[in-house]
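Residue-level listing of the chains:
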Amino acid sequence: MFFSLNKKFFFTILAFFLLSAGIFLIIFDGTIGKKIRSEHTHLTSRNQYVIELLNENIALRKKINNLLPENTQQLTESLTQKQQELSTERKLNEELNQNYNESYATLSESLRIISFGASLTLISLIIFWFLLRRWVLAPVDKLTELSANVANGNFTTRLQSQRSSFTDEFDTLFKTINFMLDNIESNINQIKEKEIFLQNLIDTLPDAIRVIDENHNIILFNKAYKEHIEKKYFNKSLKCYEAYNKEADCPCSTAQYICPLKELKKASAAKNNIKLIHSVNDRPLSINSARILINGTAGIVESFRDLSENVNYSHQQKISSLGFLATSLAHEMKNNLGAINLILEGILQKYYQDDTNVSSEKKYLEMISAQIKECIKVPERLLKLSRNTEQADVTFNITSGINDTLSLLDYEIKSKGINLIKSFSNTKEKIAGNETDFKMIILNLVQNAINAMPEGGTLEVKTNTNKEKILIEIKDSGIGISEAALKHIFEPFYSVAVTDQKKGTGLGLAIVKDLTLKFNGTITVSSQENIGTCFQIAFPRQKTQKMLVK
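Residues numbered from 1 in each chain as written. Predicted model: local features only at pLDDT ≥ 70, side-chain atom pairs only at ≥ 80, totals over all residues. Heavy atoms only, no water.

1. Quick notes on the overall build of the chain
To keep it simple, the criterion reads: Counting from the N terminus, the helices are the DSSP runs of H or I reaching at least four residues and the strands are the DSSP runs of E reaching at least two. By the convention used here, residues are in contact when the closest approach between their heavy atoms is within 4.5 Å. For every accessible area listed, the method is Shrake-Rupley and the probe measures 1.4 Å; residues are considered covered only by the protein chains on display.
Looking only at helices and strands, one finds 13 helices and twelve strands in the chain. Contacts in the chain between residues far apart in sequence, at least 24 positions, make up 63% of those at least 6 positions apart. Per element, the accessible surface of the chain, about 34800 Å² overall, is 56% carbon and sulfur.

Next up, the structure:
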């Protein structure tokens, strides 16, 4: 319970005054008062005795008047004796009364002196309390008020001295505290300026930055990280693990995300950083984490980079490469094949112009001409596949798109002894979007399936539909994918070597997933080692897809 110094001093002075008065009264009562009471008792007894003598004297007088003459002398003598005793007692009683009156007068004078002394003492105590209030309590109140302001973060308040010619310890203390507050305010302003500079510095970085303490609290982040939050790559939170899942109430488990903070705590002192790739809200993020000391405790600083642009860039590179290849093939193949086809047509017109001619030579030449025309269509398909992906969305037939892509890989499929099985449930099904992106999805998945079967096998390409979705399934009987690698295959730059071949760039499946999302679709994978892998893509049917686009 709070009890101010003013009250403490006031009640202490009051208690001291009452205690002193009480002690004085007890001592006074034990000495002078006791003596006065004794004299008063003795005087009362004497007065009682005198009254008794007077009563006896009156009684004797009555007897004298009523007695016979022979007894009068005896009674007279007795009466004379009593009168003498009474006279003596009267004198003693007068002396006692005089002494009592003098003692009472002395007591009254003593009480007046005591009252005057008590008044002086009380006045002295009041003056003492007033000076104490002015010289001690008032400065303490100022210090209390100042400390409350400082505790609330207000460092602009200063203490004012009494402006007296004479200074004391409090004035010196006030000056010292004011000087200390000036230094603190100056240091705080410098710290704030450095914090603003640091915040502006990290805000200029294109990568998202955040600093995490050992308790998983996000204590600092930059503008790019805030933009990640606004784009819903992360959920806004104070805990790092809540950024991935706002309903999480504990740090990430190993099955969800690799925690850089945990990994760096377990790592040796020589390892100061760790690099990871996480997929958050279907966005591939490259995460670089490094150790940092925060107030003497271990923490980490993380930088995030959205790899979607890298994936799109790689996709554009592939498109550009295909475009260059298609252009080269168009010039090299179409000219030569066109010339050969013209020669064949010339031969047919010159030697086999008669429609009734059904010779085997004519049949073979016509077959050669037809195959050359089909070969001329190959660079044309490549040109269509290499068109700019930013072209306007169109409505296209998925079966035609799959067949066009498979025709580009027909030679590679046959050369490796792969048995291709095609099963299309609805050949008229169409979707809206970028046809080149769709073909790129099929191309990447089929190429991965071919690479997974270096010794040959079975490749199945199926389509199916339900009420809301178009399902495309690409299944191979290849080497499969391990369970550990399966959860990372859609991460950019993650690649696993197939047999003795070199690793790829690790961007193929990342591109596939990114392009699938553009169609508002989903992609799933199931695989068993040495048995095979199955990718299933689900696109919204055309009506549903248009509604989603709107």
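2. Regarding helix 12 (residues 508–518)
Convention followed: Burial status follows relative accessibility: with a 1.4 Å probe on protein chains alone, a residue under 20% of its type maximum counts as buried, one over 50% as exposed, and anything between as partly exposed.
Among the eleven residues in helix 12, eight count as buried, and that is most of the element. Once helix 12 finishes, asparagine 520 follows within two positions and takes phi at roughly 60°, a positive value.

3. Let's talk about the packing of helix 8 (residues 398–408) against helix 10 (residues 435–451)
Rules: Every axis corresponds to a line fitted to the C-alpha atoms, with the helix fit spanning only the stretch in contact, and the corresponding angles, defined between N-to-C directions, vary from 0 to 180 degrees. Any angle from 65 to 115 degrees is called roughly perpendicular, while one under 35 is roughly parallel, one over 145 is roughly antiparallel, and all others are oblique. Note: crossing handedness is left-handed where the near helix turns anticlockwise from the far helix by less than a right angle, and right-handed where it turns clockwise.
Two elements in contact, helix 8 and helix 10, have axes whose closest approach is 9 Å; the angle formed by their N-to-C orientations is 45°. Overall, the two elements helix 8 and helix 10 adopt an arrangement that is oblique. Considering only the axes of helix 8 and helix 10, their crossing is right-handed. Packed against helix 8, whose contacting residues are Ile398, Gly401, Ile402, Asp404, Thr405 and Leu406, the element helix 10 presents Phe438, Lys439, Ile442, Leu443 and Val446 at the interface.

4. Description of unusual backbone geometry
The phi dihedral of histidine 216 is positive, around 70°, even though this residue is not glycine. If you trace the backbone, histidine 216 turns up in the loop between strand 1 (208–212) and strand 2 (218–221). Taking the relative accessible area as the measure of exposure, histidine 216 reaches 11% and is therefore buried. Look at asparagine 520: it is not a glycine, yet its phi comes out positive at around 60°.

5. Remarks on the pattern of salt bridges
Quick note on the threshold: Here a salt bridge means any side-chain nitrogen of Lys or Arg lying within 4 Å of a carboxyl oxygen belonging to Asp or Glu.
Evaluated as defined, the whole model comprises nine salt bridges. A salt bridge links glutamate 302 to arginine 210; the shortest N-O distance between them is 2.8 Å. Highlighted residues: glutamate 302 in strand 5 (residues 297–306) and arginine 210 in strand 1, separated in sequence by 92 residues. Residue glutamate 429 pairs with arginine 541 through a salt bridge whose shortest N-O separation is 3.0 Å. Note that glutamate 429 is positioned in the loop between strand 7 (418–424) and strand 8 (430–433) and arginine 541 in the loop between strand 12 (532–540) and helix 13 (542–549), a separation of 112 residues in sequence.

6. Side note on helix 10
Quick reminder of the rule: The span one expects for a helix is its residue count, reduced by one, times 1.5 Å.
A rise of 1.5 Å per residue sets the reference length of helix 10, with its 17 residues, at 24 Å; its end C-alpha atoms lie 24 Å apart and thus fit the reference within 8%. Burial within helix 10 is extensive, with 13 of its 17 residues counted as buried.

7. Overview of the packing of helix 10 against helix 12
In helix packing, the relevant descriptors are the interaxial angle and the interaxial distance, both defined with respect to the helix axes. Inclusion rule: Following the grouping adopted for this structure description, the nonpolar residues are Ala, Val, Leu, Ile, Met, Phe, Trp, Tyr, Cys and Pro, the charged ones are Asp, Glu, Lys and Arg, and the polar ones are all others, Gly among them.
The interhelical angle for the contact between helix 10 and helix 12, taken along N-to-C directions, is 145°, at an axis separation of 9 Å. When you trace helix 10 past helix 12, the crossing you get is left-handed. For the pair helix 10 and helix 12, the contacting residues are Asp437, Met440, Ile441, Asn444, Leu445 and Asn448 in the first and Gly508, Leu509, Ile511, Val512, Leu515, Thr516 and Lys518 in the second. Partitioned by chemical class, the residues of the contact of helix 10 with helix 12 number seven nonpolar, four polar and two charged.

8. Here we look at the environment of asparagine 200
Topologically, asparagine 200 is positioned in helix 3 (residues 169–203). Of the residues examined, asparagine 200 reaches a relative accessible area of 45% and is grouped as partly exposed. Between the C-alpha atoms of asparagine 200 and lysine 223, which are 23 residues apart in sequence, the distance is 8.8 Å.

9. Thoughts on the pairing of strand 9 (residues 457–465)
For the record, the criterion: Following DSSP output, two strands are said to pair if at least two bridges run between them.
The sheet contact formed by strand 7 and strand 9 spans seven bridges and is parallel. In the strand pairing of strand 9, phenylalanine 424 is matched with threonine 463. The pairing of strand 9 with strand 10 (residues 469–476) spans seven bridges and is antiparallel. Note on strand 10: the bridge partner recorded for valine 461 is isoleucine 474.

10. Let's talk about the pairing of strand 11 (residues 522–528)
Inspection of the sheet shows strand 11 paired to strand 12 by seven bridges, in the antiparallel sense. Looking at the pairing, glutamine 528 lines up with glycine 532 of strand 12. Between the end of strand 11 and the start of strand 12, which pair antiparallel, lie three residues, with asparagine 530 showing a positive phi angle near 65°.

11. A look at a nonpolar patch on the surface
Heads up, the rule is: A patch consists of residues exposed above 30% relative accessible area that lack any salt bridge, with like charges linked at up to 9 Å and nonpolar side chains (Val, Leu, Ile, Met, Phe, Trp, Tyr) linked at up to 5 Å.
A grouping of Phe10, Phe11, Leu14 and Leu18 is seen on the molecular surface, where their side chains present a nonpolar patch of about 380 Å² in accessible area. In this fold, phenylalanine 11 is placed in helix 1 (residues 5–66).

12. Topic: the sheet that holds strand 11
Whenever strands of a sheet pair, they do so through backbone hydrogen bonds, lying parallel or antiparallel. Here five strands make up an open sheet; going across it, the order is 7-9-10-12-11 and the pairing mixed. Bordering the open sheet on either side are strand 7 and strand 11, each of which pairs with just one other strand. Averaged over all adjacent pairs, the angle separating strand axes in this sheet is 10°, with direction ignored. Lying on the sheet, helix 10 is in contact with strand 7, strand 9, strand 10, strand 11 and strand 12; it crosses strand 10 at an angle near 25°. Here helix 12 sits on the sheet in contact with strand 11 and strand 12, set at roughly 145° to strand 11.

13. Thoughts on the nonpolar core
Put simply, the rule is: Here the nonpolar core consists of buried residues drawn from Ala, Val, Leu, Ile, Met, Phe, Trp, Tyr and Cys, with membership extended through side-chain atoms lying within 4.5 Å.
One finds Ile431, Phe438, Ile441, Leu445, Val446, Leu459 and Phe539 to be the most contacted residues of the largest nonpolar core, which totals 36 residues. When contributions to this core are tallied by element, the ones reaching two or more residues are helix 8, helix 10, strand 9, strand 10, helix 12 and strand 12. The leading source of residues in this core is helix 10, at nine residues. Isoleucine 441 has contacts with Val512, Leu515, Thr516, Phe519, Ile537 and Phe539, leaving out every residue within four places of it along the chain.

14. Looking at the packing of aromatic side chains
Heads up, the rule is: When the centres of two rings from Phe, Tyr and Trp lie within 6.5 Å, Trp using its six-membered ring, the rings pair. Their planes under 30 degrees apart give stacked, over 60 give edge-to-face, and anything left gives tilted.
Summed over the entire model, instances satisfying the criterion amount to five aromatic pairs. Judged by centre distance (6.2 Å) and plane angle (40°), the rings of tyrosine 225 and phenylalanine 304 are tilted. Of this pair, tyrosine 225 sits in helix 4 (residues 223–230) while phenylalanine 304 sits in strand 5, and the two are 79 residues apart along the sequence. With respect to class, tyrosine 225 is no different from phenylalanine 304; both count as buried. When the centroid spacing of 5.9 Å and the interplanar angle of 55° are considered together, the rings of phenylalanine 438 and phenylalanine 539 count as tilted. Residue phenylalanine 438 is located in helix 10, and its partner phenylalanine 539 is located in strand 12; the two are separated by 101 residues in the primary sequence. For phenylalanine 438, a relative accessible area of 0% gives the class buried.

15. Re the side chain of arginine 210
Formally: Polar contact criterion, stated in full: a pair of N or O atoms within 3.5 Å, where within protein one must be able to donate a hydrogen and the other to accept it, and residues adjacent in sequence count only if both atoms are side-chain atoms.
Judged by relative accessible area, which is 1%, arginine 210 ranks as buried. Reaching out from arginine 210, the side chain makes a polar contact with the side chain of tyrosine 225 at a distance of 3.2 Å. A polar atom in the side chain of arginine 210 sits 2.8 Å from the side chain of glutamate 302.

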